[in-house]
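# Secondary and tertiary structure notes
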Amino acid sequence: MSELKQAIEEIVEKHLPDENHFIVEVIMAEKAGKTTLSILIDADEGLNIQTCADVSRAVSEELEAKDLISGAYILEVSSPGLDYPLNSRRQYLKNVGRELKVLRTTGEELVGKLVEVESSGVKIQVKKKEKGKKATEEEVVLPFEEMKKTIVQVSFK
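Now for a quick tour of the structure. (Residues numbered from 1 in each chain as written. Predicted model: local features only at pLDDT ≥ 70, side-chain atom pairs only at ≥ 80, totals over all residues. Heavy atoms only, no water.)

Peptide bonds are mostly trans, and most non-glycine residues show a negative phi. Backbone geometry at D67 places phi at a positive 50 degrees, although glycine is not the residue there. You can see D67 is positioned in the loop between α2 (49-66) and β3 (73-78). D67 sits in the exposed class, given a relative accessible area of 60%. (Helix = DSSP H or I, 4+ residues; strand = E, 2+ residues; numbered from the N terminus. Buried < 20%, exposed > 50% of the residue type's maximum accessible area, 1.4 Å probe, protein only.)

Right, let's get into helix α1 (residues 2-15). The first and last C-alpha atoms of α1 sit 20 Å apart over 14 residues, in line with the 20 Å expected at 1.5 Å per residue. If you check which residues of α1 are buried, you get I8, I11 and V12. Projection of α1 onto a plane perpendicular to its axis shows the buried side chains occupying an angular sector of 100 degrees, all on one side. Among the exposed residues of α1, those pointing more than 90 degrees away from its buried face are S2, E3, E10 and K14. (Expected span 1.5 Å × (residues − 1). Arc of directions from axis to C-beta.)

Here we take up the packing of aromatic side chains. Counted under the stated rule, the structure contains one aromatic pair. Ring geometry for Y92 versus F144: centroids 5.4 Å apart, planes at 55 degrees, classification tilted. Pair noted here: Y92 is in helix α3 (residues 89-94) and F144 is in the loop between β7 (136-143) and β8 (147-152), with a separation of 52 residues, a long-range link. Under the relative-accessibility criterion, Y92 is labelled buried at 4%. We classify F144 as partly exposed; its relative accessible area is 22%. (Phe/Tyr/Trp six-rings, centres within 6.5 Å; stacked < 30°, edge-to-face > 60°.)

Laid out in structure tokens, this is it:
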């Protein structure tokens, strides 16, 4: 399965419009006897539906021509969506300045503004509130390996 997934990733990479676009994840799932191939892509300056449609068409044609997936399958090409966890350094870079909710491997949950992305992790600015005192802001350095799940928080302000 991993060889097939790698072959699919190579096909998708080839059909992305430019270097501003990137693969977030390729997921193959079997449900009720049907194979679903979900390809999540993103772009540094945002992704539009036409790009998803173009990539879907090109990938579908190449998968059919190479007969990589036996039997019927469903192909979905989309962006990861707001509630999808960040999983690459590139996604973190795209979200500098936004509010994140981070679940650490220790179980601790932090909410703060993403200030900086480094090669080994991120810096987020969190508000510390102590009873009877004014809230203070503190920068916290989080190595990637200590972050279990990171979700961008939606703000309607």
